[in-house]
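Listed below, chain by chain, are the residues.
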Amino acid sequence: MEEERGKLEKMYQKLNEEEHLVLRKWNESVIPKTILLFPLIAFVITFLKVNTDKTIMDLFAFIAVGALLVSGGIFLNYLLSKGK
């Protein structure tokens with residue numbers, strides 16, 4: 001009984017260490033994530049500042065069309081490269 005308890009405690013400690021490691025890795029990479037998100041945030045602010053007559057739905061529509069075009073290009077590239 002005491003052996004099982006010791007094994008369970010070791011497993012519990014190992015899981016806690018892994019969880020803290022994952023959280024620590026995520027926190028260490030906050031600055032690169034911020035750098036990656038900065039252009040998007042700057043674009044949204046600029047879009048809404050320049051186009052004062054536009055709504056947030058216009059912004060979402062603009063982004064959705066752009067994402068759709070990019071996704072279509074990636075899909076076409078996949079289809080064309082798949083045959084080779």
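In this text the structure is predicted, and so the values were computed from the model without any measurement.

*Asks:* Which residues make up the overall build of the protein chain, and what values do they have?
*Replies:* Summing up its helical and strand segments, the protein chain has three helices and zero strands in all. Each helix and strand of the protein chain, ordered N terminal to C terminal, gives the series α-α-α. Residues counted as buried form 2% of the 84 residues belonging to the protein chain. Looking at the protein chain as shown, the accessible area adds up to about 8100 Å², and 70% of this sits on carbon and sulfur atoms.

*Asks:* Can you tell me about a nonpolar patch on the surface, naming the residues and giving the values?
*Replies:* There is a patch of nonpolar side chains on the surface, built from Leu37, Leu40, Ile41, Phe43, Ile45, Phe62 and Ile63 and spanning about 640 Å² of accessible area. Every element with two or more residues in the nonpolar patch is listed here: α2 (30-50) and α3 (56-82). The element that contributes the greatest number of residues to the nonpolar patch is α2, accounting for five residues. As for its placement among the helices and strands, phenylalanine 62 is situated in helix α3.

*Asks:* I'd like a rundown of the packing of aromatic side chains, residues and numbers included.
*Replies:* Summed over all chains, the structure comprises one aromatic pair. Aromatic side chains phenylalanine 43 and phenylalanine 62 sit 5.8 Å apart centroid to centroid with 25 degrees between the ring planes, which places their arrangement in the stacked category. One end of the pair, phenylalanine 43, is in helix α2; the other, phenylalanine 62, is in helix α3, with 19 residues separating them in the sequence. Judged by relative accessible area, which is 48%, phenylalanine 62 ranks as partly exposed.

*Asks:* So what's going on with α2? Which residues, and what values?
*Replies:* Along its 21 residues, α2 runs 29 Å from first to last C-alpha, staying within 8% of the 30 Å computed at 1.5 Å per residue. At leucine 37, α2 is deflected by roughly 35 degrees, the largest bend along its length, and proline proline 39 occurs up to four residues later in sequence.

*Asks:* I'd like a description of the packing of α2 against α3, backed by residues and values.
*Replies:* Interhelical geometry of α2 versus α3 gives an angle of 130 degrees and a closest axis separation of 11 Å. Between α2 and α3, the interaxial angle falls into the category oblique. Viewed along their axes, α2 and α3 form a crossing whose handedness is right-handed. Facing Phe43, Val44, Phe47 and Leu48 of α2, the residues of α3 in contact are Ile56, Leu59, Phe62 and Ile63. Here the contact of α2 with α3 is built from residues that sort into eight nonpolar, no polar and no charged.

Quick notes on the rules
Residues numbered from 1 in each chain as written. Predicted model: local features only at pLDDT ≥ 70, side-chain atom pairs only at ≥ 80, totals over all residues. Heavy atoms only, no water. Helix = DSSP H or I, 4+ residues; strand = E, 2+ residues; numbered from the N terminus. Buried < 20%, exposed > 50% of the residue type's maximum accessible area, 1.4 Å probe, protein only. Areas by Shrake-Rupley, 256 points an atom, 1.4 Å probe, with all protein chains shown as cover. Patch = residues over 30% accessible without salt bridge, like charges linked within 9 Å, V, L, I, M, F, W, Y side chains within 5 Å. Salt bridge = Lys/Arg side-chain N within 4 Å of Asp/Glu carboxyl O. Phe/Tyr/Trp six-rings, centres within 6.5 Å; stacked < 30°, edge-to-face > 60°. Expected span 1.5 Å × (residues − 1). Bend = angle between axes of the 7 residues up to and from the residue. Axes fitted to C-alpha atoms, helices over the stretch in contact; angles between N-to-C directions. Parallel < 35°, antiparallel > 145°, perpendicular 65-115°, else oblique. Left-handed = near helix turned anticlockwise from the far one by under 90°. Contact = heavy atoms within 4.5 Å. Nonpolar A, V, L, I, M, F, W, Y, C, P; charged D, E, K, R; others polar.

Shape is all these values report; function is a separate question.
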